[in-house]
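# Close look at the chain arrangement
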Amino acid sequence: MPVPGTTAAGTCAPSAARVYDYLLGGRDNSAADRELAQRLADPARGGYAGLADLARQNRRFILAAVQRLAGIDGIGQFIDLGCGVSPGAPLHQVARGSVPGARVAYVDNDPIVISHMGRLARSSAAVIGGDLADPAAVLANRQLREVIDLGAPVAVIFGAVLSLMDSGTARAAVAGYMAALPEGSAAVISLASFDDEVLAKRLEAMFTASPWRNHSLRDVEAMFGDLRLIRGQAGDLRHWPMLPDGEERPARAVGGVGFKRSSPRA
């Protein structure tokens, strides 16, 4: 079988991670990734012109959440699921700005991403292949366990990846990771959510890199399960960690941070 990101003939097919990289202005993408991203962001072809802005909001939020978790909550371990090849400062550098000894494991199923992140991280972090929808297998990975102590709090990052699952699978994945981690651990969830259902259906059909599902803000809050959310709810990432403004728009980047503990510090 061809590996993710390739066709049976071995040529490069669109990859969700590399489409995201292109939307963020990165260079680790192919012509197929760029063509798909441009089509998705072109209203003349049924796309959404604000797609790159949603990607930037998502990335800013992920890095801000990591800074907060390391700096305020003292979490020194991070598992970045579906890490992709996002340009700019890598997550392990951001975390170590607050916790110099912070440990990071990057997980992805795209071999091109794994190769790129392996070169970037070198000995600074673990980079492993895995299916983020299989928490038991990911957490049992020997390379991950060499870096991450599952007996101490861990922040698990679900940055723009749960859109690649239906709601039930996404909830089960988050619950699976958090059930295996101790109190004090956290989940960071973000994704693009489309209030315009007609637009969302068009994008679902257009996104050929992988299955893609539109999730509402209520769906995202359900993904946190019993975790205690900062400010008590998920919201618009433009305003995080403040409360959402309730403004109606065709699309928004939404998410939040939830803790596995009895009373979160907000």
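Residues numbered from 1 in each chain as written. Predicted model: local features only at pLDDT ≥ 70, side-chain atom pairs only at ≥ 80, totals over all residues. Heavy atoms only, no water.

## Remarks on the overall build of the protein chain
Helix and strand counts for the protein chain come out as ten helices and eight strands. In terms of overall dimensions, the protein chain is globule-like: its C-alpha atoms have a radius of gyration of 17 Å, near the 18 Å expected for 266 residues. Overall size of the protein chain, expressed as C-alpha extent along the three principal axes, is 50 × 45 × 30 Å. In the protein chain, the share of contacts with a sequence separation of at least 24, taken over all contacts with a separation of at least 6, comes to 68%. Here the protein chain displays about 11600 Å² of accessible surface, and carbon together with sulfur accounts for 52% of that area. (Helix = DSSP H or I, 4+ residues; strand = E, 2+ residues; numbered from the N terminus. Rg over C-alpha atoms; globule rule 2.2 N^0.38 Å. Contact = heavy atoms within 4.5 Å. Areas by Shrake-Rupley, 256 points an atom, 1.4 Å probe, with all protein chains shown as cover.)

## Description of the environment of Leu-139
Structurally, Leu-139 can be placed in helix α6 (residues 135-140). Once the C-alpha coordinates of Leu-139 and Val-127 are considered, the two residues, twelve residues apart in sequence, prove to be 13 Å apart. Apart from residues lying up to four places away in sequence, Leu-139 is in contact with Ile-79, Leu-144, Arg-145, Leu-150, Tyr-177 and Ala-180.

## Focus on the side chain of Ser-185
Note on placement: Ser-185 falls in the loop between α8 (167-179) and β5 (186-194). On the basis of relative accessible area, Ser-185 is assigned to the buried category, the value being 0%. Dropping the residues within four chain positions of it, Ser-185 is found in contact with Ala-152, Pro-153, Val-154, Met-178, Gly-258, Phe-259 and Lys-260. (Buried < 20%, exposed > 50% of the residue type's maximum accessible area, 1.4 Å probe, protein only.)

## Some remarks on the packing of aromatic side chains
The tally for this structure, following the rule as stated, stands at three aromatic pairs. Measuring from centroid to centroid gives 5.7 Å for Tyr-48 and Phe-194, while their planes differ by 85°, and the two rings are edge-to-face. Here Tyr-48, found in the loop between α2 (31-40) and α3 (51-71), pairs with Phe-194, found in strand β5; they are 146 residues apart in sequence, far enough to count as distant. In terms of burial, Tyr-48 and Phe-194 fall into one category: buried. With a centroid separation of 5.7 Å and an interplanar angle of 80°, the aromatic rings of Phe-194 and Trp-212 are classed as edge-to-face. (Phe/Tyr/Trp six-rings, centres within 6.5 Å; stacked < 30°, edge-to-face > 60°.)

## Side note on the pairing of strand β2 (residues 103-108)
β2 sits mainly inside the fold: five of its six residues count as buried. The pairing of strand β1 (residues 77-81) with β2 spans five bridges and is classified as parallel. The partner of Asp-80 across the bridge, within β2, is Tyr-106. With helix α4 (residues 91-96) bridging β1 and its parallel neighbour β2, the resulting β-α-β unit is right-handed. In the sheet, β2 pairs with strand β3 (residues 126-129) via four bridges, with the strands oriented parallel. Along β3, the bridge assignment pairs Ala-105 with Ala-126. (Pairing = 2+ DSSP bridges. Right-handed = clockwise from strand over helix to strand, strands pointing away.)

## Topic: the nonpolar core
Nonpolar side chains in soluble globular proteins tend to be buried together. Core analysis: the biggest nonpolar cluster contains 53 residues, and Leu-69, Phe-78, Tyr-106, Phe-194 and Val-257 have the highest contact counts within it. The dominant element in this core, judged by the number of residues it contributes, is α3, at ten residues. In this structure, Leu-150, Val-161, Leu-162 and Phe-224 belong to the second largest nonpolar core, which totals 35 residues. (Core = buried A, V, L, I, M, F, W, Y, C linked by side-chain atoms within 4.5 Å.)

## Let's talk about the pattern of salt bridges
Per the stated rule, a full pass over the model turns up twelve salt bridges. With its nearest N and O atoms 3.8 Å apart, the salt bridge here joins Arg-56 to Asp-53. One end of the pair is Arg-56 and the other is Asp-53, both in helix α3 and three residues apart, which spans about a single turn. When its relative accessible area of 36% is taken as the criterion, Arg-56 is described as partly exposed. Residue classification places Asp-53 among the partly exposed positions, given a relative accessible area of 34%. Between Glu-204 and Lys-201 there is a salt bridge whose closest N-O contact spans 3.9 Å. (Salt bridge = Lys/Arg side-chain N within 4 Å of Asp/Glu carboxyl O.)

## Section: the confidence of the model for the protein chain
Residues with a pLDDT of 70 or more make up 91% of the protein chain, whose mean pLDDT is 88. Confidence drops under pLDDT 50 across residues 1-11; counting only partners more than four residues distant or on other chains, this segment forms 13 contacts. (pLDDT = per-residue confidence, 0-100.)

## So, the pairing of β1
Counting buried residues in β1 gives five out of five residues, a clear majority hidden from the surface. Side chains Gln-77, Ile-79 and Leu-81 project from β1 onto one buried face, and the interleaved Phe-78 and Asp-80 project onto a second face that is buried too. With four bridges connecting them, β1 and strand β4 (residues 155-159) associate as parallel partners. Across the sheet, Ile-79 pairs through a bridge with Val-156, a residue of β4.

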